[in-house]
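A look at the structure
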Amino acid sequence: MSLLDKFQQAWQSQRCAAPPTNADDLLKGVRRERQVAFWADAFVISVLVGVGASMSRFTFRDLHRNWPWMIYVASDVWVIGFILFNRWRRRRHAARYDEPLLAHVEWSIQDIEHRMWQDRCSLWWYIVPLALGCMVPPIFFFWMEHGKRPLAASLTPLLVVEGVFVAVFTFVHLVMRYGQRKANGKRRLELDALQTLRESLSNTEE
Amino acid sequence: MGIADHERRFRHWLSEHTGLLVKVVRSFAEAPADQDDLFQEILLQVWQSLPNFRDDSKPTTWLYRVALNTALAWKRGEKKRRSRHGSLSIADVAASSDVAAPPDTSLEAQRNDRIVEQLYAAIRALPPAKRALVVLYLDGFTYREIADVVGISENNVGVTLNRIKKDLAAAVKDDGQ
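Since the model is a prediction, treat every value here as computed from it, not as a measurement. (Residues numbered from 1 in each chain as written. Chains lettered and ligands numbered in written order. Predicted model: local features only at pLDDT ≥ 70, side-chain atom pairs only at ≥ 80, totals over all residues.)

Overview of the overall build of chain A
Cut-off, in case you're wondering: Numbering of helices and strands starts at the N terminus; helices are DSSP runs of H or I of at least 4 residues and strands are runs of E of at least 2. With C-alpha atoms as the basis for the radius of gyration, the globule rule is written as 2.2 Å multiplied by the number of residues raised to the power 0.38.
Helices and strands together make up the secondary structure of chain A, namely six helices and zero strands. Its helices and strands taken in sequence order, chain A reads α-α-α-α-α-α from the N to the C terminus. Over its C-alpha trace chain A gives a radius of gyration of 27 Å, far above what one expects of a compact globule, namely 17 Å for 206 residues. Structurally, chain A occupies a C-alpha span of about 100 × 40 × 25 Å along its principal axes.

Right, here's the structure in full:
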């Protein structure tokens, strides 16, 4: 018997195949993790749906006067749609763990590159639509009302409201950018590791 | 696959093939805490990937794919510390193993244990992609099956393994002397 045969024999006879007694706790933990992820998304979406629904209700009470708020509702629908689309896309295109190793690595690379691209786009896809939805209607209201009151009396509230929105959305953007920079640092490292792994799997004989 | 079938299959495989998972864990993680962490991660991925299982592949081949992919992902830094409370761990497996079968103290068994420990040490010193090949080879997979799990050509597997086998023989023999 060759040395390698002895290795195989020893390896295959090692004592580690006894069954654990129950898997209930693990399954509970997995279910809990899934529920947490689901409810986090459900919370964000329900807040957006709730705000969008009440704005629609308010708008339709006097559509002739309140129609500019439909711009907000449209931006709200856009963001909800975008979140749901991303959830669907991620589930559909997520790297599958039962793929061959090389295919899994390729999928993982694509997944990370997509997430990095998505982060770069968050300003245009999340923040700008919501900011426009909040900031454009007051301008329309100002335009519709101007001439009925002195300019200073109608311009001051507009500037205050727009200033608050600019401050809030700038803050949100900066916080998101900070989070993305931190995440992208890790992702870049992971991407490098994945690319090295792909190389070494493709040229394992080297 | 219904949720009941899903759970039944998961529990069945867990009782049948834990050894396979433990081998992968010990080949990729050395510290007991890391082993527990990786073991949890693999079980989680097995559970989540199970609905994708089609009967056209052997459960062991499928489990190896999931376990090795998870180990490679874990290795490159996506380490998530899972709470050990209420979860299965390597220690649990070892404990149940001790209950199920008293330790074999024969000289032959002790020699085997020593070889296995040296093999694990030698495997952990290899680059991650090569570890996967060696684990499959040691478990008796053919080159065709290894190529199928890893997704590279059979020829590539053969060339790579020939080189690794020599390194492995040298490392384990040297350590064993």
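With respect to the packing of helix H5 (residues 101-145) of chain A against helix H6 (residues 151-202) of chain A
Residue and element names in this part refer to chain A. Heads up, the rule is: Axis lines are fitted through C-alpha atoms, for helices just across the contact stretch, and the angle between N-to-C directions can take any value from 0 to 180 degrees. We call two directions roughly parallel when the angle between them is under 35 degrees, roughly antiparallel when it is over 145, roughly perpendicular when it lies between 65 and 115, and oblique otherwise. Ten residues, namely Ala, Val, Leu, Ile, Met, Phe, Trp, Tyr, Cys and Pro, are considered nonpolar, four, namely Asp, Glu, Lys and Arg, are considered charged, and the remaining ones, Gly among them, are considered polar.
As a packed pair, H5 and H6 sit with axes 8 Å apart at the nearest point and diverge in direction by 175 degrees. In terms of orientation, H5 lies roughly antiparallel with respect to H6. Per-class residue counts for the contact of H5 with H6 are 24 nonpolar, eight polar and eight charged.

Regarding the environment of Ile109(A)
All names here are of chain A. Quick note on the threshold: Burial in this document is a count-based property: other C-beta atoms within 10 Å of a residue's C-beta are tallied, and the residue is buried at 20 or more, exposed at 12 or fewer, or partly exposed in between, with C-beta positions derived from the backbone. C-beta atoms are placed from the backbone for every residue, and two residues are taken to be in contact when these atoms lie within 7 Å.
In this structure, Ile109 sits in helix H5. A tally of 17 C-beta atoms within 10 Å means that Ile109 is categorised as partly exposed. Between the alpha carbons of Ile109 and Ala95 there is a distance of 8.9 Å; along the sequence they are 14 residues apart. If near-sequence neighbours (up to four positions away) are discounted, Ile109 is found in contact with Leu191, Leu194, Gln195 and Arg198.

A word on the nonpolar core
Threshold: By our criterion, buried Ala, Val, Leu, Ile, Met, Phe, Trp, Tyr and Cys residues that link up through C-beta atoms within 7 Å make up a nonpolar core. Boundaries between domains were set according to an automatic or database domain assignment.
Counting residues in each nonpolar core, the largest one holds 57 residues, and the members touching the most others are Val24(B), Ile42(B), Ala67(B), Leu133(B) and Val150(B). With 10 residues, helix H3 (residues 59-75) of chain B is the single largest residue contributor to this core. Both domain 1 (1-102) and domain 2 (104-177) of chain B contribute no fewer than three residues apiece to this core. For Ile42(B), the contacting residues outside a window of four places in its chain are Leu21(B), Val24(B), Val25(B), Val66(B), Ala67(B) and Thr70(B). Within the second largest apolar cluster, six residues are counted, among which are Tyr72(A), Val73(A), Leu130(A) and Cys134(A).

Overview of the confidence of the model for chain B
All names here are of chain B. Quick note on the threshold: The predictor's confidence in any single residue is recorded as pLDDT, a number from 0 to 100.
In the predicted model, chain B carries a mean pLDDT of 80, and 80% of its residues have values of at least 70. Averaged pLDDT values over the elements of chain B bottom out at 49 in helix H4 (residues 90-100) and peak at 92 in helix H7 (residues 143-150). Segment residues 82-87: pLDDT under 50, and 12 contacts once partners within four positions in sequence are set aside and those in other chains are kept. Here residues 94-100 is modelled with pLDDT under 50, and outside its nearest four sequence neighbours on either side it reaches eight contacts, counting other chains as well. Overall fold confidence (pTM) sits at 0.72, and the ipTM for the predicted complex is 0.78.

Structural notes on helix H4 (residues 69-93) of chain A
Formally: What a helix is expected to span follows from its residue count: subtract one and scale by 1.5 Å.
Taking 1.5 Å of rise per residue, the 25 residues of H4(A) would be expected to cover 36 Å, and the 36 Å separating its terminal C-alpha atoms lies within 8% of that figure. Among all positions of H4(A), only Trp69(A), Ile71(A), Tyr72(A), Val73(A), Ser75(A) and Asp76(A) are buried.

Re H5(A)
What counts here: Bend is computed residue by residue as the angle between axes fitted to the seven residues ending at the residue and the seven residues starting at it.
Over its 45 residues, H5(A) runs 64 Å from end to end, which matches the ideal 66 Å to within 8%, given 1.5 Å per residue. Along H5(A), the sharpest change in direction is near 60 degrees and occurs at Cys121(A). Turning to H5(A), its buried residues number three or more, namely Leu101(A), His104(A), Val105(A), Ser108(A), Leu130(A), Gly133(A), Cys134(A) and Pro137(A). Where H5(A) is buried, its residues contact H4 and H6 of chain A together with H3, helix H6 (128-138) and H7 of chain B. Trailing H5(A) by a residue or two, Gly147(A) shows a phi angle of about 95 degrees, which is positive.

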